[in-house]
2 protein chains.
Amino acid sequence: MPAPVSAGGSLLLTGIGELATGEPGGRRPGPVALLVEGGLVSWVGREVELPEGAGAERVDLGGRAVLPGFVDSHTHLVFGGQRAAEWEARMAGRPYAAGGILTTVAATREARDGSLAAGCARLAAEALHSGTTTLEVKGGYALEPAGEARLLRVARAVTTETTFLGAHVVAPEYAGRPDDYVELVAGAMLTECAPLARWADVFCERGAFDADQSRHVLTAAAAAGLGLRVHGNQLGPGPGAALAAELGAASVDHCTHLADADVEALAASGTVATLLPGAEFSTRSPYPDARRLLDAGVRVALASDCNPGTSFTTSMPLMVALAVREMGMTVDEAVSAATAGGADALRRDDLGRLTAGRRADLVVLDAPTIAWLGYRPGVDLVTAVVRGGQLVAGAWPRR
Amino acid sequence: MPAPVSAGGSLLLTGIGELATGEPGGRRPGPVALLVEGGLVSWVGREVELPEGAGAERVDLGGRAVLPGFVDSHTHLVFGGQRAAEWEARMAGRPYAAGGILTTVAATREARDGSLAAGCARLAAEALHSGTTTLEVKGGYALEPAGEARLLRVARAVTTETTFLGAHVVAPEYAGRPDDYVELVAGAMLTECAPLARWADVFCERGAFDADQSRHVLTAAAAAGLGLRVHGNQLGPGPGAALAAELGAASVDHCTHLADADVEALAASGTVATLLPGAEFSTRSPYPDARRLLDAGVRVALASDCNPGTSFTTSMPLMVALAVREMGMTVDEAVSAATAGGADALRRDDLGRLTAGRRADLVVLDAPTIAWLGYRPGVDLVTAVVRGGQLVAGAWPRR
């Protein structure tokens with residue numbers, strides 16, 4: 001990791017060609033300057049209005065665009081094995097025996113702690129280098145109490161935003177006895193995992209858990225002090241979004257198949273709709289209709305869903321490009337959803353926005369505007385990544 | 001640029017997890033070894049069959065996949081300006097005045113030599129870092145004799161595969177007089193440019209040049225000793241593919257709208273169909289039907305079409321991912337099209353294949369198989385890039 005340039009001191013970025021604050025409508029044309037003090041953004045404004053004498057360490061960005069570090073609010077980074085052959089068979093339209101989440105569960109249970117931790121750290125580093133400064137990380141590939149706790153311990157090495165996902169699918173030992181598994185999740189598994197997690201999540205979908213089972217787990221998790229998240233409405237219409245809104249969950253994720261009543265409930269509840277276009281890309285599924293959600297006043301986030309089965313990517317720039325190409329979002333909306341939207345989905349008002357008082361997490365692009373994230377798909381434009389005012393990936397641009 | 005590891009000597013790569021030779025059906029499971037001597041592949045085979053004493057410099061790739069360096073047989077890398085605002089308006093469904101090729105023509109004519117050269121070199125370096133070891137580069141943004149010659153001189157700094165594209169669109173000075181412009185292209189402009197180019201290309205499409213005009217330019221170019229390429233059937237049905245087949249062009253590029261007779265003509269002529277999914281991604285257009293072409297026995301190539309208007313990406317890994325997601329190609333077919341297919345489109349039998357006697361241009365992926373190019377979209381998996389036996393980008397993996 002490079003040496004910090006601003007160890008608790010102040011850092012002044014000048015020559016910003018365009019600054020996206022992360023707020024919807026928050027694109028400001030340059031030249032803009034941004035001042036960091038004590039790891040927080042302390043001032044943002046037109047360069048000509050810069051307070052005199054500001055900034056001990058000064059970096060001229062030469063017209064490059066700056067945006068908040070991406071907040072990837074939905075990942076599954078702790079797992080064993082990989083499923084490339086399953087992906088390849090799916091793309092070719094060939095049947096593939098023994099695919100799915102349980103394949104990863106088997107490999108994860110067998111994996112050693114060190115291997116899980118190394119894999120998670122490698123993916124977190126990869127994400128950081130593509131501009132992700134905050135990650136949410138779920139468990140969900142052990143499906144038994146000690147195993148889920150182990151996954152959360154691994155996740156805590158890379159983030160404080162850890163999510164208990166015992167209710168990912170029914171554990172193989174409970175095949176045919178889903179309600180018994182739900183009791184385990186809402187009972188002993190939750191007890192063991194709650195101290196290690198900030199959030200609880202349930203895969204509320206046909207083939208996983210129904211509305212009653214999901215409500216049971218989520219209610220118990222809330223009583224244990226966890227915030228709530230839901231996987232819902234991915235594969236077909238279902239009760240996930242309505243349940244998330246009813247329980248005041250922070251976010252319902254996927255949202256591909258929503259009824260009008262779901263959209264209204266989300267808009268009314270303030271529950272964030274987190275869209276995961278990497279999953280649609282990797283499963284050749286229809287993309288969610290972001291335009292409909294935005295037009296209805298629903299808060300939208302974009303996240304990677306990084307997982308070894310259905311979206312094995314950490315690239316938030318690709319999510320932005322897909323959101324614009326495939327989901328009817330403007331550049332501004334997509335970047336806001338990938339930054340402030342992700343922060344809202346994690347109920348973190350200290351992150352995801354480049355305004356005074358927020359944590360100085362930001363990305364410098366080798367591009368004059370943030371539009372280049374979609375205009376130049378597949379190209380690595382991330383020049384420098386700053387977290388809490390420290391340079392943590394890439395390098396300051398040479399003049 | 002890193003120091004060469006094998007200055008004309010021999011290099012032995014061992015521990016290859018999967019080797020793609022570039023040929024269709026050319027995926028070989030590891031452990032495979034590959035020996036380079038004098039810049040050429042001299043031996044490829046199972047590691048246990050390695051000739052004794054082979055290889056002065058030895059690098060263990062630790063199970064990583066190896067494929068031929070990408071051959072990107074269709075790019076427009078020499079231009080002034082950029083068109084992000086036009087792209088953004090198109091994505092948002094907003095009208096945008098003064099877009100299109102002529103915007104880039106105006107900016108290119110105004111640009112200084114040094115600026116054009118720097119832009120081209122930057123994009124070529126970007127391409128190299130994502131695994132592209134051979135680039136074709138077209139002119140076409142000057143539309144007058146000295147200007148087109150200038151673009152080709154710039155292009156020759158990064159490749160020998162330069163293409164005269166005076167017939168990109170009618171120059172603004174010739175508006176309403178397309179036949180006069182065609183005479184200029186096939187006359188004075190060709191005379192000035194032919195010594196600087198290996199290829200001639202024509203944009204044969206409604207709004208650009210019709211079949212007679214295209215034939216006139218291509219026939220003159222062939223007489224001047226240039227090989228032939230055609231932009232055709234991109235925006236609608238048209239005569240491009242049939243003309244390319246009739247004239248024995250090396251490639252017809254885009255091929256989105258083909259009649260059955262076009263497909264048959266391509267299969268019979270051996271003219272390569274070069275597909276450019278970056279253009280469809282960036283213009284939100286329907287993708288070409290690669291499956292139909294492959295099933296009819298047409299040789300298919302994949303290229304980036306890198307240009308500032310309709311596909312501003314150099315990423316061949318993204319082209320492979322899009323080909324699998326959107327165009328019905330298998331991983332094997334997509335990788336072959338992006339390597340040996342590109343070489344065929346440039347009639348280069350020394351490139352694009354990792355078999356004995358070919359140039360040792362190859363990519364080492366941080367992945368166990370080439371399927372990860374599609375399984376991990378948007379993620380930079382390129383660990384090392386070798387051209388002519390020399391490490392030219394990335395680094396050898398650490399053990």
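Residues numbered from 1 in each chain as written. Chains lettered and ligands numbered in written order. Predicted model: local features only at pLDDT ≥ 70, side-chain atom pairs only at ≥ 80, totals over all residues. Heavy atoms only, no water.

### Brief notes about the overall build of chain A
Per the secondary structure count, chain A includes 14 helices and 16 strands. Accessible surface, chain A as shown: approximately 13,700 Å² in total, 52% of it carbon and sulfur. One finds the centroid of the 34 positive side-chain charges in chain A at a distance of 4 Å from the centroid of its 45 negative side-chain charges. (Helix = DSSP H or I, 4+ residues; strand = E, 2+ residues; numbered from the N terminus. Areas by Shrake-Rupley, 256 points an atom, 1.4 Å probe, with all protein chains shown as cover. Lys, Arg positive; Asp, Glu negative; His and termini not counted. Charge placed at Lys NZ, Arg CZ, Asp CG, Glu CD.)

### Description of the packing of aromatic side chains
Describing an aromatic ring pair means giving the distance of the ring centres and the angle of the ring planes. The final tally for this structure, using the stated rule, is 16 aromatic pairs over all chains. Here the aromatic rings of A:Trp87 and B:Tyr375 are separated by 6.3 Å at their centres, their planes lie at 45°, and the arrangement is tilted. Of this pair, A:Trp87 sits in helix α1 (residues 84–92) while B:Tyr375 sits in helix α14 (residues 372–375), on two different chains. B:Tyr375 sits in the buried class, given a relative accessible area of 1%. Here the aromatic rings of B:Tyr181 and B:Phe209 are separated by 6.3 Å at their centres, their planes lie at 25°, and the arrangement is stacked. In this pair, B:Tyr181 sits in helix α5 (residues 178–193) while B:Phe209 sits in the loop between β9 (199–204) and α6 (211–223), placing the two residues 28 residues apart along the sequence. The exposure class of B:Tyr181 is buried, given its relative accessible area of 0%. (Phe/Tyr/Trp six-rings, centres within 6.5 Å; stacked < 30°, edge-to-face > 60°. Buried < 20%, exposed > 50% of the residue type's maximum accessible area, 1.4 Å probe, protein only.)

### Quick notes on the side chain of B:Thr314
Within the secondary structure, B:Thr314 is located in the loop between β13 (300–302) and α11 (316–326). By relative accessible area, B:Thr314 is classed as buried at 3%. Within the structure, B:Thr314 has its side chain in polar contact with the side chain of B:Glu126 (distance 2.8 Å). Those residues within four positions of B:Thr314 in sequence are excluded, and the remaining contacts are A:Arg376, A:Val379, B:Leu123, B:Glu126, B:Ala127, B:Ser130, B:Thr132, B:Ser304 and B:Cys306. (Polar contact = N/O pair within 3.5 Å; in protein donor to acceptor, adjacent residues only side chain to side chain. Contact = heavy atoms within 4.5 Å.)

### A word on the environment of A:Gly341
With respect to the helices and strands, A:Gly341 occurs in helix α13 (residues 340–345). The buried category is assigned to A:Gly341, whose relative accessible area is 0%.

### Here's the deal with the packing of α6(B) against helix α7 (residues 240–247) of chain B
When two helices pack together, their arrangement is given by the angle between the helix axes and the distance between those axes. Residues and elements named next belong to chain B. Interaxial distance between α6 and α7 falls to 11 Å at its minimum, and their mutual angle equals 30°. What the angle tells us is that α6 and α7 run roughly parallel. The chirality of how α6 crosses α7 is right-handed. In this structure, α6 contributes Ala211, Ser214, Arg215 and Leu218 to the contact, and α7 contributes Leu243, Glu246 and Leu247. (Axes fitted to C-alpha atoms, helices over the stretch in contact; angles between N-to-C directions. Parallel < 35°, antiparallel > 145°, perpendicular 65-115°, else oblique. Left-handed = near helix turned anticlockwise from the far one by under 90°.)

### Thoughts on unusual backbone geometry
Residues and elements named next belong to chain A. Cis geometry marks the peptide bond from glycine 30 to proline 31, where omega comes out at 0°. You can see proline 31 is positioned in strand β2 (residues 27–37). Of note, the phi angle at arginine 347 is positive, near 50°, even though the residue is not glycine. Along the chain, arginine 347 falls in the loop between α13 and β14 (362–365).

### Considering the domain arrangement of chain A
Residues and elements named next belong to chain A. Parsing chain A into structural domains produces domain 1 (10–68 + 353–394) and domain 2 (71–345). Using C-alpha coordinates to define each centre, domain 1 is positioned 30 Å away from domain 2. On the domain 2 side, the residues contacting the 24 residues of domain 1 number 18 residues. Of all residues in domain 1, Arg353, Leu373 and Arg387 bury the most surface against domain 2, accounting for 27% of the area lost on that side. At the junction of domain 1 and domain 2, the tally comes to one salt bridge. Aspartate 344 is paired through a salt bridge with arginine 353; the nearest N and O atoms lie 2.9 Å apart. Connecting domain 1 to domain 2 are four residue pairs in polar contact (both at pLDDT 80 or more). (Domains from an automatic or database assignment. Buried area = accessible area lost by both parts, 1.4 Å probe. Salt bridge = Lys/Arg side-chain N within 4 Å of Asp/Glu carboxyl O.)

### Description of the confidence of the model for chain A
Low-pLDDT portions of the prediction should not be read for the details of their coordinates. Residue and element names in this part refer to chain A. Mean pLDDT over chain A stands at 95; residues scoring 70 or higher make up 97%. A low-confidence stretch, residues 1–7 (pLDDT under 50), is modelled with 15 contacts involving residues beyond four sequence positions or located in other chains. Interface predicted TM-score (ipTM) for the complex: 0.96; the corresponding pTM is 0.97. (pLDDT = per-residue confidence, 0-100.)

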